[in-house]
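Residue-level structural notes
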Amino acid sequence: QVQLVESGGGSVQAGGTLTLSCTASKLPGNMAWFRQAPGKQREGVAGIYRGSGATYYANSVQGRFTISQDNAKNTVYLRMNSLKPEDTAMYYCAGRSEFGISLQRPSEVPYWGRGTQVTVSS
């Protein structure tokens, strides 16, 4: 059973920085971060391929967020710089074993963490 555990959320002012972590006993494969604000659909933020380390981002966070992985620690990170109030959401770690994760299709992702809250005040 894959269990993903997020940490690192909190409250910051606009322009601030947070780094989220997602840890598992063993990462299931390709990983991604999604977020969901109240009343909105879950949206993909960033993804990373376990084998190559190649990364990809939603346009809304490109240049501000960085996803990375430490395979030895079975941990995936999301460093968030220049945070904006619109980044406020619950952030979820997601994993998929065999295929890449589309940021537009969260329904295809089998493994999820419980989320960590990020609140950005203006």
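Here goes a summary of the coordinates provided. (Residues numbered from 1 in each chain as written. Predicted model: local features only at pLDDT ≥ 70, side-chain atom pairs only at ≥ 80, totals over all residues. Heavy atoms only, no water.)

Positionally, aspartate 87 belongs in the loop between β8 (75-80) and β9 (89-96). Taking relative accessible area as the criterion, aspartate 87 reaches 1% and is therefore assigned buried. With near-sequence residues (within four places) excluded, aspartate 87 lies in contact with Arg35, Arg64, Phe65, Ser82, Val118 and Val120. (Helix = DSSP H or I, 4+ residues; strand = E, 2+ residues; numbered from the N terminus. Buried < 20%, exposed > 50% of the residue type's maximum accessible area, 1.4 Å probe, protein only. Contact = heavy atoms within 4.5 Å.)

As a further point, take the sheet that holds strand β3 (residues 18-23). Here we have four strands laid out as an open sheet, ordered β1-β3-β8-β7, and antiparallel in their pairing. Of all the strands in the sheet, the pair left with one neighbour each is β1 (5-7) and β7 (65-70). Averaged over all pairs of adjacent strands, the angle between strand axes in this sheet comes to 15 degrees, irrespective of strand direction. Where β1 lies against β3, three bridges are found, and the strand directions are antiparallel. Looking at the pairing, glutamate 6 lines up with cysteine 22 of β3. (Pairing = 2+ DSSP bridges. Axes fitted to C-alpha atoms, helices over the stretch in contact; angles between N-to-C directions.)

A few words on the state of the cysteines. Enumeration according to the criterion identifies one disulfide in this entry. What pairs with cysteine 22 in a disulfide is cysteine 93, and their sulfur atoms sit 2.0 Å apart. Judged by the sign of its S-S torsion, about -75 degrees, the bond between cysteine 22 and cysteine 93 is left-handed. Taken as a pair, cysteine 22 in strand β3 and cysteine 93 in strand β9 lie far apart in primary sequence, 71 residues in all. Judged by its relative accessible area of 0%, cysteine 22 is buried. Taking the relative accessible area as the measure of exposure, cysteine 93 reaches 0% and is therefore buried. (Disulfide = S-S within 2.5 Å.)

A few words now on the pattern of salt bridges. Under the definition given, this model contains five salt bridges. The partner of arginine 64 in a salt bridge is aspartate 87, with the nearest N and O atoms 2.8 Å apart. Here arginine 64 is found in the loop between β6 (55-57) and β7, whereas its partner aspartate 87 is found in the loop between β8 and β9, with 23 residues between them in sequence. Close ionic contact of glutamate 108 with arginine 96 constitutes a salt bridge, the shortest N to O distance being 3.5 Å. Taken together, the residues span a long stretch of sequence, with glutamate 108 in the loop between β9 and β10 (111-112) and arginine 96 in strand β9 at a distance of 12 residues. (Salt bridge = Lys/Arg side-chain N within 4 Å of Asp/Glu carboxyl O.)

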